[in-house]
Amino acid sequence: MESTTLRAFKYRLYPTKAQIASLDTTLTLCQRLYNGMLEERRGAYQKAGKSLTAYDQMKSLPEVKAALPEYAGVNAQVLQDVAKRLDKSFKGFFRRVKAGQKAGYPRFRSRDRYDSFTYPQPRQNSVSGNGKHVYLPKIGNVRIKLHRPFSGKLKTLAVKREGQEWYAVLTCEIPRPAPLPQTGNAVGIDLGVRHLIVTSDGDFEDNPRPLRTAQKRLRVLQRSLSRKKRGSKRRHKARQAVAKLHLKVKRQRDDLHHKAAVKLVRENDWIAHENLSITGLARTRMARSVLDAGWGSLIEKLISKAEEAGRTVIGINPAYTSQDCHLCGHREKHSLSVREFTCKGCGAFLNRDVNAAKNILAWSMPSWTQGGSVERACPEKPRSSELG
Ligand SMILES: [Zn+2]
């Protein structure tokens, strides 16, 4: 295992009016460059069947600057990073195509969808000695609030706009923390809407009320926004309100996911979940709710925390997790509205989601072969010695 790891530290910025103007301009220019480079890649491919690389596009940056003098006001490395970002989304696209997943060709980004730029090689002393300012080349010394200290070698420095607020994200290389001591526990988790998480141990993690209320209100605001006339002042206002609430919902959800992930990683050596990238899951349940619950972001957090702690997170095929009895393997389709799982095979009676979580755990075990009746009848909880 590598001896270092990356950690991101995020801080609020308090730019002056003039600095806000240059931050905004930088973002806009990066967004246009991104779209321009995307166009260029498409064109090169359509006309000549040629695939451009990030390196090709970086080489043409001096020409861009010569033709469009406003780009001289943006740090050269920030512009290079735009090419790298585009390259990343193309690599992701090709990877998904290869894996046979829904691919999604890289898209043009609107101003709202392009909200950050990155200094890929910032100075180590970018944050001033007294911790009150951060130096952003071509923009200046911007006031920063270090609400907690950061440590390690500064690798990248990103500036992010969230609604009306600005943030700096410092990605630092830190020594890898020692793995957490083994607990001997393994757990399966079922992700849901009413309960964010139901575990194979029978624990229920609620989707808290404030978050649900805010989500409901967000939907109301979005509907009202869609009725406002394009280009009107009221539409602009409504849009800002939506953006602000959206941010609030995201923060509450991130916080919830963070806490849930930390708890799972602290208490278990082995965590099994349903693999969300397997298409069809979103369709079998309500797609809307899947988006609201943001399971993907929870799993991401879980994986990164587990990596640091030396734990295992494993995704399993979600098929039949809620139809099969975890004790005898009897398969039967139950209505989604029925909360209890009653097995006609062996008479097992328990919460539907707990049954699913128990299946998820059992099927994640290396010794498990689906369809093998011996294992299927085994008690659900593995011994720690099997976790190896
Ligand atoms: Zn049964």
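Residues numbered from 1 in each chain as written. Predicted model: local features only at pLDDT ≥ 70, side-chain atom pairs only at ≥ 80, totals over all residues. Heavy atoms only, no water.

**Quick word on the coordination of the zinc ion**
Item 1. In this structure, Cys325 (SG), Cys328 (SG), Cys343 (SG) and Cys346 (SG) serve as the protein donors to the zinc ion, at separations of 2.3 to 2.4 Å.
Item 2. The coordination sphere of the zinc ion comprises four donor atoms, whose angles at the metal cover 100 to 115°; the geometry is tetrahedral.
Item 3. For Cys346, a relative accessible area of 40% translates into the label partly exposed. (Donors = N, O, S within 2.8 Å, 3.2 Å for Na, K, Ca; no water. Tetrahedral: all angles 85-135°; square planar, octahedral: opposite > 155°, others 65-115°. Buried < 20%, exposed > 50% of the residue type's maximum accessible area, 1.4 Å probe, protein only.)

**Thoughts on the packing of aromatic side chains**
Item 1. Using the criterion set out here, one finds eight aromatic pairs in the structure.
Item 2. Here Phe93 and Phe94 contribute two aromatic rings whose centre-to-centre distance is 5.3 Å and whose plane-to-plane angle is 55°, an arrangement assigned as tilted.
Item 3. Taken together, the aromatic side chains of Phe90, Phe93, Phe94 and Tyr105 make up a single cluster linked through ring pairs.
Item 4. In this structure, Lys10 is placed above the aromatic ring of Tyr167, and the distance from its NZ or CZ to the ring centre is 4.8 Å.
Item 5. For the cation-ring pair, Arg109 lies above Tyr34, with the distance from its terminal atom to the ring centre recorded as 4.7 Å. (Phe/Tyr/Trp six-rings, centres within 6.5 Å; stacked < 30°, edge-to-face > 60°. Lys NZ or Arg CZ within 6 Å of the ring centre and 35° of its normal.)

**Overview of the sheet that holds strand S2 (residues 116–119)**
The strands making up a sheet associate through hydrogen bonds between their backbones, and the pairing can be parallel or antiparallel.
Item 1. Read across the open sheet, the six strands follow the order S2-S5-S6-S1-S4-S3; overall the sheet is antiparallel. The two strands at the open ends of the sheet, each matched to only one other strand, are S2 and strand S3 (133–136). Between one strand axis and the next, the sheet turns by 35° as a mean value, whatever way the strands run.
Item 2. Relative to strand S6 (residues 165–175), strand S5 (residues 153–162) runs antiparallel, the two being bridged by nine bridges. Across the sheet, Ala158 pairs through a bridge with Val169, a residue of S6. (Pairing = 2+ DSSP bridges. Helix = DSSP H or I, 4+ residues; strand = E, 2+ residues; numbered from the N terminus. Axes fitted to C-alpha atoms, helices over the stretch in contact; angles between N-to-C directions.)

These results come straight from atomic positions and should not be treated as a statement about function.
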